[in-house]
Amino acid sequence: MEIGGRIIVINNILNSFKNFIKNHFNLTAFLFFAAVIFCLYGNNLSFGWTFYDDDVLILDKQDYLSFSNIKNILTDTVFGQEHDKFCRPVLNLTFLFEKYLYGTNPAGYHFTNILLHLLSVFSIFLFLSLLYDKKKIFILCMFFAVHPSLVQAVSWISGRNDSLLTLFVFLSFYFLAVKILKASAKAFYFFHLLFFIFAVFTKETAVILPLFYLLFQLLNFSTAGSFNSSFNHLKIQPKKIFTAFIPYIIIIVLYLFYRSYVLSYQSYSVPLSLFIKSFFVSLPALTKYIANIFFPVKLSVFPAIMNTDYIICAASVLFFILFMLKFKKTGYDLKKVLFGFVWFFAFLLPTFIMPNNQFYDHRIYLSLAGILISLSEIIKNYNAKNFLKYERIIFLAVTIMFFIMFYFTAFFHGQKFADRETFWLNALMDAPQSDVANSVVAGILAERGRYKEAE
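First, a word on scope: everything that follows refers to the structure included in this document. Not measured: the values here are computed from a predicted model.

1. A few points about the overall build of the protein
Secondary structure assignment for the protein yields 22 helices and zero strands. Out of the 455 residues in the protein, the part that is buried amounts to 50%. Sequence separation of 24 or more characterises 78% of the internal contacts of the protein that already satisfy a separation of 6 or more. Carbon and sulfur atoms make up 69% of the accessible area of the protein, which totals about 21900 Å².

Okay, here's the thing in structure tokens:
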């Protein structure tokens, strides 16, 4: 009887898992995303090391990356340097597992980056398809998959932290949404908190996530996915929402204790005034990231200086405004559109506080997902029948044009990360005044015996 009871329990668990996969996992969409992403980035498997952070984080740490050294891996900063303030143990753990899988073969690490990008795109699709029409979300996520501004997070091994963060953030949101729809399913809430923990220990900016959990529920996002239910029918009780904040507060407090412990050995502390000054000095760079939403034409592998793109930024803003005006008659909720805008700025602006900032393109990764949320709301009621024939043709033509432009821009930009020489020659062209780029290229030339050019 005891053995039979265990078998029944195991069967129930397996059946629950099968039902969950059946109801929540869209295999067709996943395979399409995989096909497009591997067509775009599959060539990365032949890439080598750029020797820009990947050598420090992986090649130089082969002895350090060991399960016998797990305590130090979990309690060291990313670079382990005196002034290093990045406490990101999840990133260190990915390199630990890969060390045992791939050793020093760069192909394996590039494969992980591609896989993380695929999973991030799919997690966004899973979440948004709970709220909006799957076909429309599929198209938007396909644009996200090939967006040129995200190339650095995929083609540069060290840039994976942003795709890793995005994966955890949207899985956390996904399980929160499912928990709201199926109030009795406590397991979903457990996974929601688990992925929130992963997000916090992946990147510091994740500590603001509880505010978005709250906004998400207060805005009563409606659903158009497989559940045939609506958040609008739920009575959101403020007391319950604020009570739900307690687990988030506990997690954040524990994270802050952890962070203070990791940084306790450092004698150097950055004054608050320097962070504030850095933030305001960096603000003009916001124009670059806004411009890159729709017109990612000035991408760099090594942004040593702050680029400002006021004209392209204005064009990007104007394009969005025209888009909103055109779809106004379809009846979208402006508050939910603004939710996406707030998301964009909230996850981007904290990166501006670091002194001696370098404005990497891929920092827009999680922020760009906020624009997807806004666009999803704007087009949620789009019906081709409500537009004139020439309007439908223009809309289709513009959509295809942008997709082709994004795809090939991303492909050719990604080739700049092929190996050390290719990367640093492009870095020198992007930032000819950079002492780092000049010194590395000089070293490459000296290795080839071209001493006069090196000098």
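Having seen it, we continue.
2. Overview of unusual backbone geometry
Not every positive phi belongs to a glycine, and F51 is a case in point at roughly 55 degrees. One can find F51 in the loop between α2 (27-41) and α3 (54-57). By relative accessible area, which is 38% here, F51 ends up partly exposed. One non-glycine residue, D53, lies in the positive phi region at around 75 degrees. Relative to the helices and strands, D53 resides in the loop between α2 and α3.

3. Digging into the pattern of salt bridges
With the rule as written, the count across this model stands at 10 salt bridges. A salt bridge links D361 to K288; the nearest nitrogen and oxygen atoms lie 3.1 Å apart. Taken as a pair, D361 in the loop between α17 (334-348) and α18 (365-378) and K288 in helix α15 (residues 286-294) lie far apart in primary sequence, 73 residues in all. In this structure, D361 and K288 share a single accessibility class: buried. We note a salt bridge from R450 to E453, for which the minimum N-O separation is 2.8 Å. Each of R88, E204 and R259 takes part in one network of salt bridges that share partners.

4. A short note on the packing of aromatic side chains
Following the criterion strictly, the structure yields 66 aromatic pairs and no others. Seen in terms of ring centroids, F295 and F402 are 6.1 Å apart; in terms of plane orientation they differ by 55 degrees. Their pairing is tilted. In this pair, F295 is assigned in the loop between α15 and α16 (310-326) and F402 in helix α19 (residues 389-414), connecting sequence segments 107 residues apart. Summarising the aromatic geometry, the rings of F323 and F327 are spaced 4.7 Å apart at their centres and angled 40 degrees between planes, so their arrangement reads as tilted. Take F323 and F327: they sit in the same class, and that class is buried.

5. A short note on the side chain of T94
Turning to its location among the elements, T94 is positioned in helix α5 (residues 89-102). Within the structure, the side chain of T94 is placed 3.2 Å from the side chain of R160, a separation counted as a polar contact. Those residues in contact with T94, other than ones at most four positions away along the chain, are R160 and L164.

6. Concerning empty space enclosed by the protein
Throughout the structure, instances matching the rule amount to one cavity of 30 Å³ or more. Considering only enclosed or pocket space, the largest cavity measures out at about 50 Å³ in volume. What lines the largest cavity is D162, L165, K203, T205, F347, T351, R363 and L366.

7. Structural notes on the packing of helix α11 (residues 209-218) against α17
Look at α11 against α17: their axes get within 12 Å of each other, and the N-to-C directions meet at 180 degrees. Comparing the axis directions of α11 and α17 gives the class roughly antiparallel. Counting all contacts with α11, which are made through L209, F212, L215 and F216, the residues of α17 involved are F339, V342, W343, A346 and F347. Residue composition of the contact of α11 with α17, by class: nine nonpolar, no polar and no charged.

8. Digging into the layout of surface pockets
Considering only enclosed or pocket space, the largest pocket measures out at about 1400 Å³ in volume. Residue assignment for the lining of the largest pocket shows that the elements contributing at least two residues are α3, α9 (161-181), α13 (245-262) and α14 (272-282). Looking at the lining of the largest pocket element by element, the count peaks at four residues for α13. Grouping the constituent residues of the lining of the largest pocket by class yields 22 nonpolar, 10 polar and 10 charged.

9. Some remarks on the side chain of R363
The residue R363 is located in the loop between α17 and α18 in this model. It is D162 that comes nearest to the buried, bridge-free R363 among opposite-charge side chains, at 6.2 Å. Within polar-contact distance, the side chain of R363 engages the backbone oxygen of Q358 at 2.8 Å. Not counting residues up to four positions away in its chain, the partners in contact with R363 are D162, Y289, L348, T351, N357 and Q358.

10. As for a nonpolar patch on the surface
Residues V317, L318, I321, L322 and L325 make up a contiguous nonpolar surface patch of roughly 450 Å² in combined accessible area. In this fold, L318 is placed in helix α16.

Basis of the calculations
Residues numbered from 1 in each chain as written. Predicted model: local features only at pLDDT ≥ 70, side-chain atom pairs only at ≥ 80, totals over all residues. Heavy atoms only, no water. Helix = DSSP H or I, 4+ residues; strand = E, 2+ residues; numbered from the N terminus. Buried < 20%, exposed > 50% of the residue type's maximum accessible area, 1.4 Å probe, protein only. Contact = heavy atoms within 4.5 Å. Areas by Shrake-Rupley, 256 points an atom, 1.4 Å probe, with all protein chains shown as cover. Salt bridge = Lys/Arg side-chain N within 4 Å of Asp/Glu carboxyl O. Phe/Tyr/Trp six-rings, centres within 6.5 Å; stacked < 30°, edge-to-face > 60°. Polar contact = N/O pair within 3.5 Å; in protein donor to acceptor, adjacent residues only side chain to side chain. 1 Å grid on protein atoms, 1.4 Å probe; cavity = no way out; pocket = protein on both sides within 12 Å on 5 of 7 lines; lining within 4 Å. Points joined across faces, edges and corners; volume = space filled by probe spheres on them. Axes fitted to C-alpha atoms, helices over the stretch in contact; angles between N-to-C directions. Parallel < 35°, antiparallel > 145°, perpendicular 65-115°, else oblique. Nonpolar A, V, L, I, M, F, W, Y, C, P; charged D, E, K, R; others polar. Lys, Arg positive; Asp, Glu negative; His and termini not counted. Patch = residues over 30% accessible without salt bridge, like charges linked within 9 Å, V, L, I, M, F, W, Y side chains within 5 Å.

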